[in-house]
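Residue strings, one per chain:
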Amino acid sequence: MAEKLGVYIHIPFCRSKCDYCDFYSLAGREDRMDDYLKALLAHIKETGPLSRGHQVDSVYFGGGTPSVFGGKRLKALLSEVEKRFDMARDCEISMECNPDSVDSKLLTRLRRAGVNRISLGVQSACDAELASLHRPHTFQQTAQAVQAVRGAKIKNLSLDLIYGLPGQSLESWKNTVEQALALAPDHLSCYGLKVESGTPLDTRVQRGEQLPDDDTQADMYLWMVDRLKKDGYLQYEISNFARPNCQCRHNLKYWMGRPYAGFGPGAHSDFGGRRYSFVRDLDAYIDGVLGGGMIIDESELIPQRERGGEYLMLRLRTTRGVEEWEYRREYFLNFDPIEQKLEEYERQGWAERHDRRWNLTPTGFLLSNQLIGDLLAIQEEATLESVLPRLRHCPLNRNAVLEEHKEP
């Protein structure tokens, strides 16, 4: 059976740049859209033959704002993917859009091209909060966009929301969630605001602008988890909730450690046992692809031991969690010290066990960076202890063994 593969296509164009955004995106570069299309088509054509033995079951157009790229260009990209890759008949094809950048005509064209899932960047139901982030839309435009998505007969709709915004209170966050639920989406992504270094929001915060404190953000998160559960949205990852059978297949690839191939400046891939990314420069990417130049930014072969760490780090972001024999079988690592720590988390209400499988609770998700970091440290210590007998019997190789097992 062919291994499943995800395809990610980065569309870096935006009408404007939001204050919190750290993704590689550009405003005012429409002049290079046609050249960028040529580069993407050439790159997809070149990569397709390397995917033999894989079947693409998810395609994700991320950004930037893919919808500003235009229906004709997006259709051409999808046609090329279908031509160069083995596409599953039930392939999930997702498109990120801003509410102000879609209408019935564009959405109908996308649906006819094969798009079956739309992710709308709503972020807030409060226009003042949207304006504070320099978002290019109002909540009324969100409602109109949702109506257009449904009118175009695209059945799988996701809404993105952010809590912890400047000027946001617990009550305004509750109102945002309630307004989003009233639009009856199939999926919700609800993220805590992260202030990225070098963004305009970072500058504002450094100058003294206040954000909701940690306790308020924790209240926002825990209330939201409970509220969405009551409305039938099951949590399957720290920030993601879905109606039954509406989980995002593509994003699950990242958290479950499945292979994916990316295209575009700044796009990342995990394919063929190697993780790599492309230059975060639109012009350099276009010139490199069309002119035969270098477009790889970083590339590394991931050793199995590091994959074991990623298993803990990524799977514990999900409600599926980790399982003892999965861990032992795939990575040949001892689960006992990990389980002892998880039992400690269980006593604190941060983790729960179902048979042999462990996952973090909503309260544990709030502390996930610290909790997972502690587990990774325990894993590293256990790995070093496992090589001590080799050190005793092979003293001449002691330095080589330590070098092999140190952190990269």
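Here, the structure is the one placed above.
Residues numbered from 1 in each chain as written. Predicted model: local features only at pLDDT ≥ 70, side-chain atom pairs only at ≥ 80, totals over all residues. Heavy atoms only, no water.

1. A closer look at the packing of aromatic side chains
So the rule is basically this: Stacked, tilted and edge-to-face pairs are distinguished by plane angle, under 30 degrees for stacked and over 60 for edge-to-face with tilted covering the rest, among Phe, Tyr and Trp rings (Trp via its six-membered ring) whose centres lie within 6.5 Å. Burial classification: accessible surface area is computed with a 1.4 Å probe over protein chains only, and a residue below 20% of its type maximum counts as buried, one above 50% as exposed, and the rest as partly exposed.
One pass over the full model with this rule turns up 17 aromatic pairs. With 5.7 Å between their ring centres and 70° between their planes, Tyr276 and Phe278 make a pair best called edge-to-face. Accessibility classification places Tyr276 together with Phe278 in one group, the buried group. Their ring planes at 65° and their centres at 6.2 Å tell us that Phe278 and Tyr285 sit as a pair that is edge-to-face. You'll find Phe278 and Tyr285 in the same group, each marked buried. Pairwise contacts between aromatic rings join Phe13, Tyr36, Phe69, Tyr276, Phe278 and Tyr285 into one cluster.

2. Quick notes on a positive patch on the surface
In plain terms, the rule: Note on patches: the residues involved have over 30% relative accessible area and no salt bridge, like charges join within 9 Å, and the nonpolar side chains Val, Leu, Ile, Met, Phe, Trp and Tyr join within 5 Å. All accessible areas in this document rest on Shrake-Rupley with a 1.4 Å probe, and a residue is counted as covered only by the protein chains that are shown. Take a side-chain nitrogen of Lys or Arg and a carboxyl oxygen of Asp or Glu: if they are within 4 Å of each other, that pair is a salt bridge. Counted as positive: Lys and Arg. Counted as negative: Asp and Glu, with His and the chain ends omitted from the count. To locate a charge, take atom NZ for lysine, CZ for arginine, CG for aspartate or CD for glutamate. Each helix is a run of H or I in the DSSP string that is no shorter than four residues. Each strand is a run of E no shorter than two, and both are numbered from the N terminus.
A contiguous patch of positive charge on the surface is contributed by Lys72, Lys75, Lys105 and Arg109. Counting only elements with at least two residues in the positive patch, the list comes to α2 (71–84) and α3 (104–113).

3. Quick word on the side chain of Arg117
Counted only if it meets this: We call two residues in contact when some of their heavy atoms are within 4.5 Å.
Note that Arg117 resides in strand β6 (residues 117–123). Despite its burial, Arg117 pairs with no opposite charge; the closest candidate is Glu92, at 4.4 Å N-O. Discounting residues that sit within four places of it in the chain, Arg117 has contacts with Tyr60, Glu92, Ile93, Ser94, Met95, Ile154, Asn156, Ser158, His187 and Cys248.

4. Side note on the state of the cysteines
Basically, it comes down to this: Note on terminology: pairs of cysteine sulfur atoms within 2.5 Å are recorded as disulfides.
A complete count under the given rule lists 0 disulfides for this structure. The cysteine Cys18 is free of any disulfide, with Cys21 supplying the nearest cysteine sulfur at 6.5 Å. Looking at Cys248, it has no disulfide partner, and the nearest cysteine sulfur is the one in Cys246, 11 Å off.

5. Some points on the environment of Phe69
Inspection of the secondary structure assignment puts Phe69 in the loop between β4 (54–63) and α2. Residue Phe69 is classed as buried on the basis of its relative accessible area of 0%. In the structure, Phe69 is positioned 58 residues away from Ile11 in sequence and 7.3 Å away in space, judged by C-alpha atoms. Residue contacts for Phe69: discarding those within four places in its chain leaves Ile11, Phe13, Met33, Tyr36, Leu37, Leu74 and Leu77.

6. Remarks on the pairing of strand β11 (residues 260–263)
Let me state the cut-off plainly: Whether two strands pair comes down to DSSP finding at least two bridges between them.
Neither face of β11 is exposed, since Tyr260 and Gly262 on one face and Ala261 and Phe263 on the opposite face are all buried. Of the pairings in the sheet, the one linking strand β1 (residues 3–11) to β11 comprises 4 bridges and is parallel in character. When the bridges of β11 are listed, Tyr8 appears paired with Gly262.

7. Here's the deal with the nonpolar core
Condition: Only buried residues count toward a nonpolar core. Its members are Ala, Val, Leu, Ile, Met, Phe, Trp, Tyr and Cys residues joined through side-chain atoms within 4.5 Å.
In this structure, Ile9, Val59, Phe61, Ile118, Met224 and Tyr285 are the most contacted members of the largest nonpolar core, which totals 103 residues. By size, the runner-up hydrophobic cluster in this structure holds 8 residues, among which are Tyr20, Leu133, Leu165 and Leu193.

8. Describing the pattern of salt bridges
Enumeration according to the criterion identifies 34 salt bridges in this entry. One salt bridge connects Glu310 with Arg307, and the closest N-O pair in it is separated by 3.6 Å. Of this pair, Glu310 and Arg307 both sit in helix α11 (residues 304–315), separated by 3 residues, roughly a single helical turn. The residues Glu310 and Arg307 share a single accessibility class, namely buried. Each of Arg29, Asp31, Arg32, Asp35 and Asp283 takes part in a single network of salt bridges with overlapping partners.

9. Some details on the sheet that holds strand β17 (residues 357–360)
How we decide: Each axis is a line fitted through C-alpha atoms, and for a helix only the stretch in contact is used; angles between axes span 0 to 180 degrees, taken between their N-to-C directions.
The 3 strands are arranged β15-β17-β16 in an open sheet whose pairing can be described as antiparallel. Each edge of the open sheet is held by one strand with a lone partner, namely β15 (322–323) and β16 (351–354). Across 4 bridges, β16 lies against β17 in antiparallel orientation. Within β17, the position partnered with Ala351 by the bridge is Leu360. Where helix α13 (residues 336–348) meets the sheet, it contacts β15, β16 and β17, and its direction lies at approximately 115° from that of β16.

10. Considering the pairing of β4
Definition in use: Whether a crossover is right-handed comes down to one check: with the strands pointing away from the viewer, does the path from the first strand over the helix to the second run clockwise; if it does, it is right-handed.
Burial within β4 is extensive, with 10 of its 10 residues counted as buried. As judged from the 9 bridges shared by β1 and β4, these two strands associate in the parallel manner. Along β4, the bridge assignment pairs Tyr8 with Tyr60. Bridge analysis of β4 against strand β5 (residues 87–97) gives 5 bridges, and the strand direction is parallel. Across the sheet, residue Phe61 finds its bridge partner in β5, namely Met95. In this fold, β4 hands off to α2, which returns the chain to β5; that crossover is right-handed.

By themselves these figures say nothing about function.
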